Amino acid sequence: MRSDIEGRRRLHSLDALGEAVGAMKSLSAHHLRAARMSVEAARTYRSGVERMLQWSGAVFARGVEGAGLLVIGAELGFCGSYNSQVVSEGAARRALLGGGPTLCVGHRAAALLRRRGVAVLRDYGMPASVAGIPGLLLQLAEEILGSYAENRLLSFDVVSSRFAGVGSVSPESVRLLPLEVARADTWPGNRYVQSGAFSFAAIREFLYIALYDVLLDAIASEHGARLIATQSAEKWLEARTCRLRRQLAAARREASTQEVLEVAVGVRARHEAMAHEQRWASPRFGL
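Here goes a summary of the coordinates provided. (Residues numbered from 1 in each chain as written. Predicted model: local features only at pLDDT ≥ 70, side-chain atom pairs only at ≥ 80, totals over all residues. Heavy atoms only, no water.)

### Thoughts on the packing of aromatic side chains
Each aromatic ring pair is specified by the distance between its two centres and by the angle formed by the two planes. Under the definition given, this model contains one aromatic pair. Between Tyr208 and Tyr212, the aromatic rings sit 6.1 Å apart at their centres with planes inclined by 20°, giving stacked as the arrangement. With Tyr208 and Tyr212 both in helix α5 (residues 195-281), this residue pair falls four residues apart, about one helical turn. (Phe/Tyr/Trp six-rings, centres within 6.5 Å; stacked < 30°, edge-to-face > 60°. Helix = DSSP H or I, 4+ residues; strand = E, 2+ residues; numbered from the N terminus.)

### Section: the nonpolar core
Ranked by size, the top nonpolar core spans 58 residues in total, and within it Leu70 and Ile72 carry the most contacts. The leading source of residues in this core is α5, at 16 residues. Discounting chain neighbours no more than four positions away, the residues touching Ile72 are Val86, Val105, Met126, Val158, Val159, Ser160, Val214, Leu215 and Ala218. Counting residues in hydrophobic clusters, the runner-up holds seven residues, among them Val21, Ala233, Leu244 and Leu248. (Core = buried A, V, L, I, M, F, W, Y, C linked by side-chain atoms within 4.5 Å. Buried < 20%, exposed > 50% of the residue type's maximum accessible area, 1.4 Å probe, protein only. Contact = heavy atoms within 4.5 Å.)

### Concerning the packing of helix α2 (residues 80-97) against helix α3 (residues 107-115)
Interhelical geometry of α2 versus α3 gives an angle of 50° and a closest axis separation of 10 Å. Taken as axis vectors, α2 and α3 run oblique relative to one another. Relative to α3, the crossing made by α2 is right-handed. Each of Asn83, Ser84, Val87 and Ala91 in α2 lies in contact with α3, whose residues at this interface are Arg108, Ala109, Leu112 and Leu113. Its residues assigned to classes, the contact of α2 with α3 comprises five nonpolar, two polar and one charged. (Axes fitted to C-alpha atoms, helices over the stretch in contact; angles between N-to-C directions. Parallel < 35°, antiparallel > 145°, perpendicular 65-115°, else oblique. Left-handed = near helix turned anticlockwise from the far one by under 90°. Nonpolar A, V, L, I, M, F, W, Y, C, P; charged D, E, K, R; others polar.)

### Thoughts on the pairing of strand β4 (residues 155-161)
For β4, a buried count of seven out of seven residues is recorded, marking the element as mostly surrounded by other parts of the structure. Of the two faces of β4, both are covered, the one formed by Ser155, Asp157, Val159 and Ser161 as well as the one formed by Phe156, Val158 and Ser160. Sheet analysis places strand β1 (residues 67-72) next to β4, joined by five bridges and oriented parallel. Considered in β4, the bridge of Leu69 is made with Asp157. (Pairing = 2+ DSSP bridges.)

### Overview of α3
Note on helix geometry: an α-helix contains 3.6 residues per turn, so any two residues three or four positions apart are oriented the same way. Within the sequence span of α3, burial applies to Ala109, Ala110 and Leu113. All buried residues of α3 fall inside an arc of 100° around its axis, so they share one side. Close packing links the buried residues of α3 with β1, α2, β2 (102-105) and β3 (122-124). Positive phi appears at Gly117, one or two residues downstream of α3, with a value of about 90°. (Arc of directions from axis to C-beta.)

### A word on the side chain of Asp217
Considering the arrangement of structural elements, one finds Asp217 in helix α5. Given a relative accessible area of 1%, Asp217 falls into the buried group. Setting aside anything within four residues of it in sequence, one finds Asp217 in contact with Val39, Arg43, Ser161, Arg162 and Phe163.

### Looking at the pairing of β2
A two-sided burial pattern is seen for β2, the buried positions comprising Thr102 and Cys104 on one face and Leu103 and Val105 on the other. Both β1 and β2 contribute to a ladder of four bridges, which runs parallel. In the sheet register, Ile72 faces β2, and the bridge partner there is Val105. The parallel pair β1 and β2 is bridged by α2, and the resulting crossover is right-handed. With three bridges joining them, β2 and β3 adopt parallel strand pairing. Within β3, the residue paired with Val105 across the bridge is Tyr124. In this region the chain leaves β2, passes through α3 and returns to the parallel neighbour β3; the handedness of that crossover is right-handed. (Right-handed = clockwise from strand over helix to strand, strands pointing away.)

### Comments concerning the pattern of salt bridges
If you walk through the whole model with that rule in mind, you get six salt bridges. The partner of Arg175 in a salt bridge is Asp157, with the nearest N and O atoms 2.3 Å apart. Remark: Asp157 occurs in strand β4 and Arg175 occurs in strand β5 (residues 171-177); sequence separation between them is 18 residues. Arg175 sits in the partly exposed class, given a relative accessible area of 35%. Its relative accessible area of 0% is what places Asp157 among the buried residues. (Salt bridge = Lys/Arg side-chain N within 4 Å of Asp/Glu carboxyl O.)

Below is the structure:
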């Protein structure tokens, strides 16, 4: 009886956990769909901005020492493997670059970096959806530009995962600053905009879309990794629940069989007792 009650409690816990995993799976699928719809548009826009930079011949001052690094990891649960791969790439890049400030998006990724001995200057929360990117982007742009100019850094790199499909995790490092764009041979020109203003606008747009692009890829990759993890968790829960249901059914059958046997034994004992009484009460025994 006690084992049956314990089994029912475990089954109830598994059902509740399955509902929670299913909800996380649905949310990840929704956010992944929204991110995937924006990925191609962002990449196309970035290509156009890069052509603007080539036409303008814009340059960005290079510092004298040190290198900044931004690592974009995951914030959500069920993304442990994804976080580990991004953090490994970030730690390796930090060791290659040498000294310099390190920023991190994703508190869990920041904790993993600190465990690897990487000093994280500041960490930010990773937005769960595309709608949260603009607010984070402004903070990152201000911190990156301020750190680059104040510390006179040689460069500033970004380590994040490039979205290549659901479940595909490919962390990579890209150079954000200084701008390294080859100048185009032909400049179409524009009589309504001065070249300096055009270059400033091109640099500003490039930094904006570059950060937006890597954050969008990171969100899509994170939700893709979480979607695969929740699908695996659902399969495990289904198998575990099915096994537990079979065990409970077997326990019930065993209990029912035991009850039938006990009833049968009781009835047989009763019949034997009645027969024994009848024998002693018969005239043969002079009673």
